[in-house]
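Single-letter residue listing:
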Amino acid sequence: MPAHDVLILGACLAGQRAALAAADAGATVAILSKVHPVRSHSVAAAGGINAAINPADDWRSHAFDTVKGSDFLGDQDAIEVMCAEAPDEVLHLEHIGVTFHRNETGQMDLRAFGGASMKRTAYVADITGQAILHVLYEQLMKYHERVDRYEEWFTTSLLQDEEGNCTGCIARDIRTGQLEVFTAKNVILATGGAGQCFKPTTNGLICTGDGISMAYRIGAPLMDMEMIQYHPTTLVENGFLITEGARGEGAHLLNADGERFMEKYAPNKMELASRDVVSRAEQTEINEGRGVGPGGVGIYLDITVVPKKRTLEALREIVNIGKDFAGVDITKEPILIRPGQHYIMGGVKTDVNGATPIPGLYAAGEVACVSVHGGNRLGANSLLDTLIFGRRAGEHAAQRAAGISMPEATPLSRVREESAWIDSIIDRPKDGRRVSEIKDDLGTEMNRNVAVFREQDGLTHALETVRRLKEEAKTAYIDDRGTVFNQDVLGAIELGFMLDCAECTVMAALERKESRGAQYRTDFPERNDDEWLKHIDVSRNGDDTPHLSYSPVTITQWQPEERKY
Amino acid sequence: MAETGKPPESYTLRIRRFDPESGAAPYWAEHTIELEPHRSVLEGILQAKGRFDGSIGIRCSCKAAICGSCGVRINGQPGLACHTHIGRAKETSRDGVIEIEPMGNMPVIKDLIVDMDAVHWKKVQRVTPWLINKEPIPEREYLVDRESMVDVTQTMACIQCGACVSDCLSMEVDPLFIGPAALAKAYRFVGDPRDAQQYERLQDLAEDPHGIYDCTHCFKCIEACPKGVAPMNQIMRLRRRAGSDHHISDRNNGERHEAAFVTLVKDHGLLWEAELLPRSHGGNSWFGKFAPKAGLELADSLPVITKAMLRRKVTPMGALKPHKIPSADLKQVQDIYDTVHGRDERLELNLYITGYDEDEAGAQEPAAVAASGGGDGGQTAAEGGQPGMTPEDSPTR
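## Observations regarding the side chain of A:Ser40
Residue and element names in this part refer to chain A. With respect to the secondary-structure elements, Ser-40 resides in the loop between β2 (29–33) and β3 (49–50). In this structure Ser-40 comes out as buried when scored by relative accessible area, which is 4%. Side-chain polar atoms of Ser-40 contact the backbone oxygen of Pro-37, separated by 2.6 Å.

## Regarding helix α8 (residues 198–207) of chain B
Residue and element names in this part refer to chain B. For α8, every residue scored as buried is listed here: Gln-198, Arg-201, Leu-202, Leu-205 and Ala-206. Looking straight down α8, one finds its buried side chains confined to an arc of 125 degrees; they lie on one side. Contacts made by the buried residues of α8 are with α3 (117–126), α7 (180–190) and α10 (231–245).

## Observations concerning the interface of chain A and chain B
Counting from both sides, the interface comprises 78 residues of chain A and, opposite them, 84 residues of chain B. Interface area for chain A against chain B, summed over the two sides, is near 6,700 Å², with a carbon-plus-sulfur share of 53%. Between chain A and chain B we count nine salt bridges in total. Two residues, A:Glu138 and B:Lys185, come together in a salt bridge whose shortest N-O distance is 2.8 Å. Our count for the contact surface shared by chain A and chain B stands at 41 residue pairs in polar contact (both at pLDDT 80 or more). Elements supplying a minimum of two residues to the side of chain A that touches chain B: α3 (76–96), α4 (128–142), β6 (147–151), α9 (308–314), α10 (316–326), β14 (335–344) and α15 (487–511) of chain A. Among the elements that make up the side of chain A that touches chain B, the one with the highest residue count is α4(A) (nine residues). For the side of chain A that touches chain B, a count of residues per class yields 32 nonpolar, 23 polar and 23 charged.

## A short note on the pattern of salt bridges
Within this structure, the stated rule accounts for 83 salt bridges over all chains. With a shortest N-O distance of 2.8 Å, B:Arg194 and B:Asp192 are connected by a salt bridge. The exposure classification of B:Arg194 matches that of B:Asp192, with both residues buried. Via salt bridges that share partners, A:Asp71, A:Glu226, A:Asp276, A:Arg280, A:Arg512, A:Glu514, A:Arg516, A:Arg527, A:Asp529 and A:Arg563 belong to a single interconnected network.

## Some details on the confidence of the model for chain B
When pLDDT is averaged along chain B, the result is 86; 87% of the residues meet or exceed 70. Note on residues 357–397 of chain B: pLDDT is under 50 here. Beyond four places in sequence and across chains, it has 93 contacts.

Conventions we followed
Residues numbered from 1 in each chain as written. Chains lettered and ligands numbered in written order. Predicted model: local features only at pLDDT ≥ 70, side-chain atom pairs only at ≥ 80, totals over all residues. Heavy atoms only, no water. Helix = DSSP H or I, 4+ residues; strand = E, 2+ residues; numbered from the N terminus. Buried < 20%, exposed > 50% of the residue type's maximum accessible area, 1.4 Å probe, protein only. Polar contact = N/O pair within 3.5 Å; in protein donor to acceptor, adjacent residues only side chain to side chain. Arc of directions from axis to C-beta. Contact = heavy atoms within 4.5 Å. Buried area = accessible area lost by both parts, 1.4 Å probe. Salt bridge = Lys/Arg side-chain N within 4 Å of Asp/Glu carboxyl O. Nonpolar A, V, L, I, M, F, W, Y, C, P; charged D, E, K, R; others polar. pLDDT = per-residue confidence, 0-100.

What follows is the structure, encoded as structure tokens:
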């Protein structure tokens, strides 16, 4: 039975960074992931990573942009930590081998990004997340004697002792179907977001909110769950992400009249306003009949204004995406995009060390809510968030481990219980619905009613739907009866995770009766600082319903002001 | 906007199934699904899995050719299921049914899922896949040449999907061959100016009998790669660095073999096969043939040579004398050598360095040959996603 000082669930950027940091701090470490680490969804982050590394820049400017981007819902103490530590973290990445793009003098080049007051996004072409993820995995391979890797292991539950400490997890070896108890002094969740609750989404199929739900189920509070980011540029054809880097390099957004409509919504920053602003502007244009393409459901992204050589060098991925999936040569003609679900700002509530209110349980990355993103995350701040708080969680957990003893082994009866639960899913009779149908219904409903524009009736409908689906999920059946790579049964468990996340999201969105960041209520179109400058926390009641409460926003130096781009 | 608004069509998938728990042999299962033609084969598989049979095993996540999970063979060709248009897959099928199998060269675990740890990742671990820093580590970033970072970024673009490993012919013959993906990974460090052990890495890979000289230039990996990493090109770069730059004379005769190859073609316009073997042992001169090891290998090869003679593929005179080509043709061949060797710097095109100028006129020119001095000259810009290629030419189609 494996036992470690620090057990990391999920091998995304946050998880891998946490593993390396904890190992460096002398802890025994295991990292466990339901996919091979380089398949983690961090790989899809394209545009870059923000850090005030230019001597003319100042981390405070970065911090202010982030606060403003969050629509003043971000906790400023956490934002200060993230932005102040950003330059060192990015330099560390450079030192371990990330192939950051250089300028003519050999220094790291920086590109413009949305909501930023100056160029401060370091990048590797448009595969920045991939490059960093693979370089961290190189380091994990280097640390192969110090970090135990459990690749393709699926965590089904977190373990908790009688005092409420988190003491490890139960996980299933996907290759053999074997259940195993992992005992740990500390568990760090790095399991990513819950984008699969929406359809379409830019998120991978693995982004099913596992960690959020598992933490919620053992009593950890969630925060800012109503804040769902719609990325302004996703391909109409299939929802693929077109990096914000395209607009960073100068691309324009055009409506049916060929007009750069951002002038009306954000005259100063134009296409580089923050994502919630741009997505809302696009959706407004589409809703008011100025969309383009079949059915007028899209907006043109015109990359032809970027010099071709630069496009080929710095936006290679989207050249290929355009060519392969839309039949468009983006160096010659505009491409059809629209807003699409991309990121969840909310997650498991943590402090600046990634610690949740449950002793021994940490969270970092998209699964967590520190909250540095508040109502809206700035582009290229997510990679930074994962790395800074991944490292801090790893270091802090290692320190904590040094002072406590290994928890007692979980009784085998607990494993038998878990095993019986999984078997009961496999054995369900085929008189319910298919898991895939319920998942489709969930995604469609969320994308219809919990999207860029929201209002009471739609949200109420969404809540009813989610609750109905939750009931249906209890009898949803699967086909696979095997143990080796039974992805079907894992899909059923993931569906449960997703439904938890969706329910909390809808509840919080119903609760927040104002418009802030990504939450835009057409029935409450104004930001209301008097009543709503606070986080909504969601905890699980004994009877499996979300319970809402509030927590204050930490303000250090920047008082809320009107937000204009 | 060529792709939007097309109605769904019906496609039949023939999926290779294998259930390790059943004790039964692999079999084919067919499912018919409906999808717009610009959707991917992966979406087809997922529809079959969602609607008809949830037990179909395939790794997948991002659906956007970036996570590298869904490497499979489609109609016999390796690639990513998510990166292959279902409409085009139907066009390239034998009988209108899209055939999907697990990748090759790796053991199958279940259905379309192969054991990448046992093959691919083991080989990656073999090439010391982490940066060994040049000391001292600077306080800020390493100051390095802009082009060099863009150069290694091509190999960073590798998503470790295994498509190149799947169809590597050398690996089929020699399962110990380090292989295209891991060697491309090796170039990522050898080409990285921040790495302190480029020479040691090259020596290691040149001396390994399953290393850089084990590749046979079949181009399969370049064709298979969905990301334009062109693994074979990276292997050739490793060879150029090992041979031409560092003159690492390896025990596999790799460096001498290449030098002999290049010289023979330069001198005669065509390869003089009989001279290649001795020179590969004895060095690039006429006297090379007296190297004792050359004699041994010649003796070893006698049965093959005899067979070839009996079949009149070679004649004794033909072997002893070089091939002759018209002098104008020979001049043309030698002009290529002069052009390539006459360059001040080695010109290495890359996924990101396309040789295109800002102006449109320049952009109409096809990419120049990315040949090199001292190498085997077999490297052309056959990279995936090469600008100027129409989507139909894209290698994974």
